[in-house]
Amino acid sequence: MGIKNKQNKIIEYIQNKCHSRNIEILLYPGVSIPYPYPNGSMFVSGFFSPEEQLLAVAKKGKDSFETLMHEFCHFIQWEEQCKDWTNCSIEEYDAEMLIDLWMRYIIELNKKQLNKYIDLVRNVEMDCEKRVIKFAIDWDYPLDIGKYVQKANSYLYFYTVVKKCRKWSNKGCAPYTFNEIVSEMPTHFANDYNRMSDVLVSLYKKECLGE
Ligand SMILES: [Zn+2]
């Protein structure tokens, strides 16, 4: 089976699974999508929102098929109500939303809260990435796993930069789009994403934050 056929089969499977839970799939015609929470000022490659009943992927984004598998694995986490997913709920908020509000100086978080929320988001993302790898293997999809883990790590480390700089990446400047960053990443998941060299932090600041 060619790669296109395989992708189409996977898309069909994802659509059926999502539709069975009343989740619509949006293939957005751009390189990035405004994230709807709280008001669309943050740009992402894709998102899954059970509240909006939407799984969205920026169709023209780099590696958009991998993004689709990633967002689908968030759907699976939600469907299973796995621990890493439910842990992100902080009363009526979720950890990612609180970080977003903090980044935009709408709320303040103390060091303990910030560390906790970043860890929660990183845990749900890491669990999701491991599910993507398993999904690709189960479907016999030709994913370059070493390269995929490097790209996943570029995101997982980015949260440490977010914590330091109180900023999200500029539009179109997601960490995984920079080879200079990705090539510095380990090909296995790390134990401690808070440990980063100053050189690496500077590279993120330059590429993703434009500093
Ligand atoms: Zn994710």
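Sequence order as written defines the numbering, with residues in each chain counted from 1. Reporting of local features is limited, given that this is a predicted model, to residues whose pLDDT is at least 70; pairs of side-chain atoms are given and counted only at 80 or more, and all residues count toward the totals for whole chains, interfaces and linings.

Caption draft 1: The packing of helix α2 (residues 64-80) against helix α5 (residues 111-138), seen in detail. Whenever a helix is involved, its axis is fitted only over the stretch in contact; in every case the axis is a line through C-alpha atoms, and angles between N-to-C directions fall within 0 to 180 degrees. Comment: elements are numbered from the N terminus, with helices defined as DSSP H or I runs of at least four residues and strands as E runs of at least two. It is at 9 Å that the axes of α2 and α5 come closest, and there the two elements cross at 110°. As judged from the angle between their axes, α2 and α5 are roughly perpendicular. Crossing handedness for the pair α2 and α5: right-handed. Residues Met69, His70, Cys73, His74, Ile76 and Gln77 of α2 touch α5, and the partners they reach there are Val124, Asp127, Cys128, Arg131, Val132, Phe135 and Ala136. Among the residues making up the contact of α2 with α5, the classes are represented as eight nonpolar, three polar and two charged. Note that the term roughly parallel is reserved for angles under 35 degrees, roughly antiparallel for angles over 145, roughly perpendicular for angles of 65 to 115, and oblique for everything else. Should the near helix be turned anticlockwise from the far one by less than a right angle, the crossing is termed left-handed; should it be turned clockwise, right-handed. Distance between backbone-placed C-beta atoms decides contact: two residues are in contact if it is within 7 Å. Classification used: nonpolar for Ala, Val, Leu, Ile, Met, Phe, Trp, Tyr, Cys and Pro, charged for Asp, Glu, Lys and Arg, polar for all others including Gly.

Caption draft 2: Inspection of unusual backbone geometry at higher detail. With phi around 50°, glutamine 81 is a residue other than glycine that occupies positive phi space. Its location among the elements puts glutamine 81 in the loop between α2 and α3 (83-86). Among the residues examined, glutamine 81 registers 8 C-beta atoms within 10 Å and is labelled exposed. In this scheme every C-beta is placed from the backbone, and a residue whose C-beta has 20 or more other C-beta atoms within 10 Å is buried, one with 12 or fewer is exposed, and one in between is partly exposed.

Caption draft 3: Structural detail: the sheet that holds strand β5 (residues 54-58). What makes two strands pair is DSSP finding at least two bridges between them. With respect to topology, three strands assemble into an open sheet ordered β1-β5-β4, the strand pairing being mixed. One side of each edge strand has no neighbouring strand; the edge strands of this open sheet are β1 (24-28) and β4 (46-49). Across the sheet, the axes of successive neighbouring strands diverge by a mean angle of 10°, strand direction being ignored. Bridge count between β4 and β5: four bridges; the pairing is antiparallel. Residue pairing in the sheet places serine 49 in a bridge with leucine 54 of β5.

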